[in-house]
Amino acid sequence: MMINVKFIVPKYSKDPKLFMEHWSSFYAYEFEPNYLENINDPFKNFDSFHQLYIWKNGMKLSKKKYATIKKLYKKSRDFKRVSKIFSEELFEEKFNMNKNPGIWMMFLMHLFQPNNYPLFDQHVYRAHVFLNEGAVKEIPTSNKRKYIFFKEVYIPWFMSLKSSTKHSGKLLDESLFTLGQHLSKIKNQPDRLESVNL
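Residues numbered from 1 in each chain as written. Predicted model: local features only at pLDDT ≥ 70, side-chain atom pairs only at ≥ 80, totals over all residues. Heavy atoms only, no water.

Here we look at the overall build of the protein chain
When helices and strands are tallied, the protein chain shows 10 helices and zero strands. Reading the protein chain from its N end, one meets helices and strands in the order α-α-α-α-α-α-α-α-α-α. Relative to its full complement of 198 residues, the protein chain shows a buried share of 48%. The long-range fraction of contacts in the protein chain, counting pairs at least 24 apart against all pairs at least 6 apart in sequence, stands at 65%. Accessible surface computed for the protein chain: about 10900 Å², of which carbon and sulfur atoms make up 51%. (Helix = DSSP H or I, 4+ residues; strand = E, 2+ residues; numbered from the N terminus. Buried < 20%, exposed > 50% of the residue type's maximum accessible area, 1.4 Å probe, protein only. Contact = heavy atoms within 4.5 Å. Areas by Shrake-Rupley, 256 points an atom, 1.4 Å probe, with all protein chains shown as cover.)

Given below as structure tokens:
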């Protein structure tokens, strides 16, 4: 699918709801059932948790990653028992977010509170920057910078946009994810981009 930059940004600016419906219609993901069938009770058992991380990973987990999520699952169950009401501060302390604030940990926050912590990755980051700056940029390599951006910039923007469209957060994520995927294909072709200030 060709991207018409002059279409994307005005449509987003003038009608975010139409923008979401348009871009989410192109969303296709092989492991989508892994998410849909397990997100309502991600800590029910290890298999549910495992299937969600396969979805996040986009492929079967390596032995190393599998061992990592086994430990993460046990720690998550312990945290859930101790903290009946989710606390971001306690989560950050329990999971050592000062030293280990990677994408998988942000995904874990989503599993605990899917309505309050949106999905986050390189594609939605790329879409966010494009829609707000008219440029294509890649996600920071530093996990700490990713996490700061996620908390201080992306979450407030995402929640505001979701509220304005009255669509689900998942549909919004699908539209941003798809746009971000397509933007990655033209990031090295500046002649096909146009800087736009919203």
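Quick look at the pattern of salt bridges
Per the counting criterion, the structure on display carries nine salt bridges. For the salt bridge of E32 with K170, the shortest nitrogen-to-oxygen distance reads 2.5 Å. Here K170 lies in helix α10 (residues 169–184) and E32 lies in helix α3 (residues 32–36), a separation of 138 residues in the sequence. Of the residues examined, E32 reaches a relative accessible area of 9% and is grouped as buried. Overall, the relative accessible area of 15% leaves K170 in the buried class. Where salt bridges share partners, they join E32, K170 and E174 into one cluster. (Salt bridge = Lys/Arg side-chain N within 4 Å of Asp/Glu carboxyl O.)

Considerations on the confidence of the model for the protein chain
Mean pLDDT over the protein chain: 86, with 87% of residues reaching 70 or higher. Note that pLDDT drops below 50 for residues 1–7; the model gives that stretch 17 contacts with residues more than four away or on any other chain. Between residues 194–198, whose pLDDT stays under 50, and residues either more than four places distant or in other chains, the model counts 13 contacts. (pLDDT = per-residue confidence, 0-100.)

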